[in-house]
Number of protein chains: 2
Amino acid sequence: MSLLVTGSIGIDTIRTPHGVREKCLGGSSIYFSMAASFFSPVCFVGVVGEDCPFDLAEVFKDRNVDLRGLEVRAGSKTFVWHGTYHENMNDRTTDHVELNVLQEAPPKVPDVFRDSEFVFLANTAPALQIELLEQMTKPAFVAADTMNLYITEYLSDLQKLLRRIDCLIINDEEAKLLAGHSNLIEAARHILAMGPQIVIIKKGESGSLMCLEDGNKFVLPAYPAPDVHDPTGAGDSFAGGFMGCLAQVGRTDFDTLKTAVAYGTVVASFAIADFSLNGLTTTAREDIDIRLEMLRKVTCF
Amino acid sequence: MSLLVTGSIGIDTIRTPHGVREKCLGGSSIYFSMAASFFSPVCFVGVVGEDCPFDLAEVFKDRNVDLRGLEVRAGSKTFVWHGTYHENMNDRTTDHVELNVLQEAPPKVPDVFRDSEFVFLANTAPALQIELLEQMTKPAFVAADTMNLYITEYLSDLQKLLRRIDCLIINDEEAKLLAGHSNLIEAARHILAMGPQIVIIKKGESGSLMCLEDGNKFVLPAYPAPDVHDPTGAGDSFAGGFMGCLAQVGRTDFDTLKTAVAYGTVVASFAIADFSLNGLTTTAREDIDIRLEMLRKVTCF
């Protein structure tokens, strides 16, 4: 089934203990689309300024990513992000941000994309996520991400969004903040009561936890990878693998959701093995299936 | 096969967000023995002072724990520990410690225990762990725990110990400190190079990671439990379930090791559900098997 993503496109400068990459391509919709395209065609919605140095058509040329939702906005500047990962790779400092075009009006969803069935609303202001969602005509399964800023500053908007989506995908600190509970199982229970039928809590190197409204739970460790070179985009790659798998299968029953979490986990493990998109662009579809079987082997007993 | 444990016996005062328990029974050998006795008889070696308020024969009366290695030392005082767990239950503050009898000579291993095949050396000075190990005549599988203090202050002794044991069971911060690596897979690789064939890294609410010298790995999340009331003894209960299972089966092949880690995980989940030993003493053997199947269900895909 068709899969649509809306999110950021960024000019990233990344420092990790393994090196520095300046002005490389990043942003939530970019990582998501590259990850999801292993499984499903992707309808891409995003906006850059006229200064954008990247040729996205070239970036996605061998991928089934439809860029008709990409807007290059005259007179605007592209989102810029500089970040540093410290020794343990879990601590990240944002060194510099220029929101630029991200603080202007959101891009329009093209008419040809409006009937997409699977929708991922990457992290942005919840009011904008709602505005984007309202342009969709028959979404069957909507997932969204959010972050600390929106939980603390725009909670009322976020609560409105939560009542309209099927699945929230957030990290552990955000889940604790949103729920006001430090135990993640309790936190998930509180978030489910806010609206979504599914909450997926990403725990970085400790994997993820999925809790369903019907009481089903799934916990999966991260793929045990020694070679973490750049964690940027890990969460969006996870979401891309997850949603891509669901859109490919066309179902959201519990077994499919579990498989999708496992695919998301594996795709994220490739994303973090190199800087920027290199970890994903140098990976083949069969590598993903081989690693999925490895993940099954090292987690089942 | 026979299983021997040496470790501490303590008078604990525990504060958690769920309440306070004063002067309750604790200590590594106590939690370990209670956990292991679900699976295997246990030969107990430990020492208390003449002030010890607990009747251990009564505590273990329905358990197959042989207390002939318990020494009540005249003129000495029992180990005392006061600790506080903070809101997220992962942060622990030690409020007060009196080592007392633990800083005197270690207990003797009774002659009838010396041919035990499975041995667990709970956390104490590595020189004492070696001294205790040297009293054993034919250990087939030796596991040990250690802590930050011994890694930083007694590294040479610890390195000697590591060359003589089969399995090190430590927590994630200790593993990073010992290995000088923040990536746990890398840390495990470095620790394996120090001697043991197996290293198990406990990650609290994020579960555990087992790495073998032959390259095999196993990662398992913690049991997704909402009701954590007192994390004291979680690690020793994990070790007890793990070693108890191995001693019961009498093998240490990879499949048995994986099952043992899963049993350790489940036993620990019961231990933390109530204060002191209550979580373990109110649990039946069949509860453990039911939860093991639940753990399998929520982790396999």
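Up top you'll find the structure we're talking about.
Participant: Just checking my understanding: could you explain the overall build of chain A for this structure?
Facilitator: Looking only at helices and strands, one finds 11 helices and 13 strands in chain A. On the principal axes, the C-alpha backbone points of chain A span a range of 55 × 40 × 35 Å. Here chain A holds 301 residues, and the buried ones make up 59% of them. Restricting the contact set of chain A to residue pairs at least 6 apart, pairs at least 24 apart contribute 63%. Entry remark: accessible area of chain A is about 11,600 Å², with carbon and sulfur atoms responsible for 49%. In chain A, 26 positive and 40 negative side-chain charges are present, and the distance between their average locations comes to 3 Å.

Participant: Mind showing me how you'd approach the sheet that holds strand 6 (residues 79–85) of chain B here?
Facilitator: Hydrogen bonds between backbone atoms are what pair the strands of a sheet, whose relative direction is either parallel or antiparallel. Residue and element names in this part refer to chain B. Judged by pairing direction, the sheet is mixed, and its 4 strands sit side by side in the order 3-2-6-7 without closing on themselves. Both edges of this open sheet fall to strand 3 (19–26) and strand 7 (92–98), since each of them pairs with a single strand only. Between one strand axis and the next, the sheet turns by 15° as a mean value, whatever way the strands run. In this structure, strand 6 lies alongside strand 7, joined through 6 bridges in antiparallel fashion. When the sheet's bridge partners are listed, valine 80 is paired in strand 7 with glutamate 98.

Participant: Please explain the packing of helix 1 (residues 28–36) of chain A against helix 8 (residues 234–249) of chain A as it appears in this structure.
Facilitator: What describes two packed helices is the angle between their axes and the distance between those same axes. Residues and elements named next belong to chain A. Look at helix 1 against helix 8: their axes get within 7 Å of each other, and the N-to-C directions meet at 40°. Accordingly, the angle class assigned to the pair helix 1 and helix 8 is oblique. The element helix 1 and its partner helix 8 pack so that their crossing is right-handed. The residues of helix 8 that touch helix 1, namely those facing Ser28, Tyr31, Phe32, Ala35 and Ala36, are Asp236, Ser237, Ala239, Gly240, Gly241, Met243 and Gly244. Of the residues that constitute the contact of helix 1 with helix 8, the class distribution is 6 nonpolar, 5 polar and 1 charged.

Participant: Can you walk me through the state of the cysteines in this structure?
Facilitator: Two cysteines form a disulfide when their sulfur atoms are joined by a covalent bond. Evaluation of the coordinates by the stated rule reveals 0 disulfides over all chains. Considering cysteine sulfurs only, A:Cys24 is the nearest to A:Cys52, which forms no disulfide, with 12 Å between them. Considering cysteine sulfurs only, B:Cys167 is the nearest to B:Cys211, which forms no disulfide, with 11 Å between them.

Participant: Just checking my understanding: could you explain the interface of chain B and chain A for this structure?
Facilitator: Often the size quoted for an interface is simply the accessible area lost on bringing the parts together. The interface is formed by 30 residues belonging to chain B together with 30 residues belonging to chain A. Between chain B and chain A lies a buried interface of about 2,800 Å² when both sides are counted; carbon and sulfur atoms form 56% of it. Applying the counting rule to chain B against chain A returns 0 salt bridges. Broken down by secondary-structure element, the contributors of at least two residues to the side of chain B that touches chain A are helix 7 (184–192), strand 13 (217–220), helix 9 (254–271) and helix 11 (285–299) of chain B.

Participant: Honestly, helix 5 (residues 155–162) of chain B in this entry has me stumped. Any pointers?
Facilitator: Because an α-helix packs 3.6 residues into every turn, residues spaced three or four apart end up facing the same way. All names here are of chain B. Residues of helix 5 that are buried include every one of Leu158, Leu161 and Leu162, and no others. Take helix 5 and look down its axis: the buried residues cluster within an arc of 100°, on one side only. Of the surrounding elements, those touching the buried residues of helix 5 are strand 8 (118–121), helix 3 (126–133), strand 9 (141–144), helix 4 (148–153), strand 10 (167–171) and helix 6 (172–179).

Participant: Teacher, can you tell me more about the relation of the copies chain B and chain A here?
Facilitator: Copy one and copy two of the chain differ by a rotation about a common axis and a shift along it. Expressed as a screw transformation, the operator carrying chain B onto chain A has a rotation angle of 180° and an axial translation of 0.0 Å, and the superposed copies differ by an RMSD of 0.0 Å. The transformation just described matches what one would write down for a two-fold rotation axis.

Participant: Help me understand a nonpolar patch on the surface in this model?
Facilitator: On the surface, B:Met147, B:Leu149 and B:Tyr154 cluster together to form a nonpolar patch covering roughly 260 Å² of accessible area. Here B:Met147 shows up in the loop between strand 9 and helix 4.

Participant: What is the right way to read the side chain of B:Gln135 from this model?
Facilitator: All names here are of chain B. Relative to the elements of secondary structure, glutamine 135 occurs in the loop between helix 3 and strand 9. Classification of glutamine 135 by relative accessible area gives buried; the value is 10%. A polar atom in the side chain of glutamine 135 sits 2.8 Å from the backbone nitrogen of valine 109. When residues no more than four places from it in sequence are discounted, the contact partners of glutamine 135 are Pro107, Lys108, Val109 and Arg114.

Participant: For this particular structure, what's the right way to read helix 8 (residues 234–249) of chain B?
Facilitator: Residue and element names in this part refer to chain B. For helix 8, which comprises 16 residues, the first-to-last C-alpha distance of 23 Å matches the rise-based estimate of 22 Å (1.5 Å per residue) to within 8%. Along helix 8, 12 of the 16 residues are buried, which leaves the element largely enclosed by surrounding structure. For helix 8, every residue scored as buried is listed here: Asp236, Ser237, Phe238, Ala239, Gly240, Gly241, Phe242, Met243, Gly244, Cys245, Leu246 and Ala247. Downstream of helix 8 by one or two residues, glycine 250 has phi in the positive range, about 80°.

Participant: Where do I start with the pattern of salt bridges in this structure?
Facilitator: Oppositely charged side chains can form a pair if their charged atoms are brought close together. Residue and element names in this part refer to chain A. Throughout the structure, instances matching the rule amount to 28 salt bridges over all chains. Between aspartate 62 and lysine 61 there is a salt bridge, and its shortest N-O distance comes to 3.7 Å. No difference in accessibility class separates aspartate 62 from lysine 61, as the two residues are exposed. Overlapping salt bridges bring together Glu58, Lys61 and Asp62 as one network.

Participant: Before we go on, may I ask you to explain the sheet that holds strand 13 of chain B in this structure?
Facilitator: Residue and element names in this part refer to chain B. One open sheet holds the 9 strands; their spatial order is 5-4-1-8-9-10-11-12-13, and the pairing between them is mixed. Every other strand in the sheet has two partners, leaving strand 5 (65–73) and strand 13 as the edge strands with one partner each. Across the sheet, the mean angle from the axis of one strand to that of its neighbour is 15°, orientation sign disregarded. Relative to strand 13, strand 12 (residues 208–212) runs antiparallel, the two being bridged by 4 bridges. Residue pairing in the sheet places cysteine 211 in a bridge with lysine 217 of strand 13.

Participant: Whenever I open this one, the nonpolar core confuses me. Can you help?
Facilitator: Within soluble globular proteins, side chains that are nonpolar tend to cluster in buried spots. With 94 residues, the main nonpolar core has A:Phe141, A:Phe242, A:Met243 and A:Leu280 as its most contacted residues. At 11 residues, helix 9 (residues 254–271) of chain A tops the list of elements feeding residues into this core. What A:Phe141 contacts, discounting residues up to four positions off in sequence, is A:Glu117, A:Phe118, A:Val119, A:Asp166, A:Cys167, A:Ile198, A:Phe242, A:Met243, A:Leu246, A:Thr252 and A:Leu257. In terms of nonpolar packing, the next biggest core, distinct from the first, is built from 93 residues, A:Cys211, B:Leu212, B:Tyr263 and B:Phe270 among them.

What counts as what
Residue indices begin from 1 for each chain and proceed along its sequence in written order. Here the convention is simple: chains get letters from A, ligands get numbers from 1, in the order in which they are written. With the structure being a predicted model, the display of local features is reserved for residues of pLDDT at least 70 and the display and counting of side-chain atom pairs for 80 or more, all residues being used for whole-chain, interface and lining totals. Side-chain measures were taken over the full set of non-hydrogen atoms in the model, leaving aside hydrogen atoms and water. A run of DSSP states H or I qualifies as a helix once it reaches four residues; a run of E qualifies as a strand once it reaches two. Both are numbered from the N-terminal end. Relative accessibility decides the category of a residue: with a 1.4 Å probe and only protein chains considered, values under 20% of the type maximum give buried, values over 50% give exposed, and everything between is partly exposed. Every residue pair with non-hydrogen atoms within 4.5 Å of one another is taken to be in contact. Shrake-Rupley sampling with a 1.4 Å probe provides the accessible areas, and residues are treated as covered by the protein chains on show and by no other component. Positive charges are assigned to Lys and Arg, negative charges to Asp and Glu, while His and the chain termini are left out of the count. Every charge is mapped onto a representative atom, which is NZ of Lys, CZ of Arg, CG of Asp or CD of Glu. At least two bridges found by DSSP between two strands are what make those strands a pair. Lines are fitted to the C-alpha atoms to define the axes, a helix being fitted only along its stretch in contact, and any angle between axes, read from their N-to-C directions, falls within 0 to 180 degrees. Angles are sorted into four bins: roughly parallel if under 35 degrees, roughly antiparallel if over 145, roughly perpendicular if 65 to 115, and oblique for all others. Two helices crossing with the near one rotated counterclockwise from the far one by less than a right angle form a left-handed crossing, whereas a clockwise rotation gives a right-handed crossing. Each residue is assigned to one of three groups, with Ala, Val, Leu, Ile, Met, Phe, Trp, Tyr, Cys and Pro labelled nonpolar, Asp, Glu, Lys and Arg labelled charged, and all others, Gly among them, labelled polar. For this text, the term disulfide refers to a pair of cysteine sulfurs within 2.5 Å. Buried area is understood as the total, over both parts, of accessible area removed when two parts are fitted together, assessed with a 1.4 Å probe. Each salt bridge in this description consists of a side-chain nitrogen of Lys or Arg and a carboxyl oxygen of Asp or Glu lying within 4 Å of one another. This arc corresponds to the set of directions leading from the helix axis out to the C-beta atoms. In this comparison the copies share one frame, found by least squares on the C-alpha atoms of residues holding pLDDT of at least 70 in both. Only residues whose relative accessible area exceeds 30% and that form no salt bridge enter a patch; like-charged residues are grouped when within 9 Å of one another, and nonpolar side chains (Val, Leu, Ile, Met, Phe, Trp, Tyr) when within 5 Å. Counting of polar contacts relies on pairs of N or O atoms within 3.5 Å, with two restrictions inside protein: one atom must be capable of donating a hydrogen and the other of accepting it, and residues adjacent in sequence are counted only when both atoms are side-chain atoms. What a helix should span is 1.5 Å times the count of its residues minus one. What we call a nonpolar core is a set of buried Ala, Val, Leu, Ile, Met, Phe, Trp, Tyr and Cys residues that are connected through their side-chain atoms within 4.5 Å.

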